[in-house]
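What follows is each chain in one-letter form.
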Amino acid sequence: MALEEKERLFCLFFSQTRDARSSAAKAGYGLKARKHGLALLERSDIKKEIERLDKKRKINRDEIITGYRQLAFGNISDAVRLAYSDDKPLLGTEKLDLFNVSEIKRSKGGGLEIKFFDRIKALEHLEQLCSVGDDECAHPFYKALENSAAKLRNDKLE
């Protein structure tokens, strides 16, 4: 029996992220994404498709660089939106971009603590990857730093 479109999408997302809940949410399973994701992982046809995708897919250097760039320069606005939401669960949280979040905790007092991945470490890893190969991947970052420094100097002169 062939997999449905949602099931194929789940397999594809899961082979990339290894996160059943977010993979099911991205595939379109809605509010009960966690439940659907875990149920899908128990099926032998889903397991076989994920294995097939894993064999076919190799993480290459460009994907690693893209991941480190997202950690180093990624947007945190969705995490801020989550932190400042009221105590009711946010509808659509599965659509939030929380790639840069390493940990979320709710304190006993009801506050929400969000920890992010270390941007400096991501930049260091990015620099190491780029120094091994070509300098093109680090160049835009350094160019942006130069432009920012020039802008700051110009603002102070005015």
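In short, a report on the structure.

About the thresholds
Residues numbered from 1 in each chain as written. Predicted model: local features only at pLDDT ≥ 70, side-chain atom pairs only at ≥ 80, totals over all residues. Heavy atoms only, no water. Core = buried A, V, L, I, M, F, W, Y, C linked by side-chain atoms within 4.5 Å. Buried < 20%, exposed > 50% of the residue type's maximum accessible area, 1.4 Å probe, protein only. Helix = DSSP H or I, 4+ residues; strand = E, 2+ residues; numbered from the N terminus. Contact = heavy atoms within 4.5 Å. Axes fitted to C-alpha atoms, helices over the stretch in contact; angles between N-to-C directions. Parallel < 35°, antiparallel > 145°, perpendicular 65-115°, else oblique. Left-handed = near helix turned anticlockwise from the far one by under 90°. Nonpolar A, V, L, I, M, F, W, Y, C, P; charged D, E, K, R; others polar. Pairing = 2+ DSSP bridges.

To continue, consider the nonpolar core. Core analysis: the biggest nonpolar cluster contains 14 residues, and Phe 10, Cys 11, Tyr 29, Ile 46 and Ile 50 have the highest contact counts within it. Those elements that provide at least two residues to this core are helix H1 (5-17), helix H2 (20-27), helix H3 (33-41) and helix H4 (44-56). Here this core takes four residues from H2, the largest share from any one element. Every residue in contact with Ile 46, bar those within four places of it in the chain, is listed here: Leu 3, Glu 7, Phe 10, Cys 11 and Leu 40.

Another point: the packing of H1 against H4. Closest axis-to-axis distance for the H1/H4 pair is 9 Å, and the angle between their directions is 50°. Overall, the two elements H1 and H4 adopt an arrangement that is oblique. The interaxial crossing formed by H1 with H4 has right-handed handedness. Taken together, the residues of H4 that come into contact with H1 (itself represented by Glu 7, Phe 10, Cys 11, Leu 12, Phe 14 and Ser 15) are Ile 46, Glu 49, Ile 50, Leu 53 and Asp 54. Among the residues forming the contact of H1 with H4, the class breakdown is seven nonpolar, one polar and three charged.

Right, let's talk about the pairing of strand E1 (residues 101-106) for a bit. Looking along a regular strand, one sees the side chains alternate between the two faces of the sheet. Pairing geometry for E1 and strand E2 (residues 112-116), over five bridges, is antiparallel. For Arg 106, the partnering residue across the bridge sits in E2 and is Leu 112. The antiparallel hairpin formed by E1 and E2 contains five residues in its connecting segment, where Gly 110 sits at a positive phi of about 100°.

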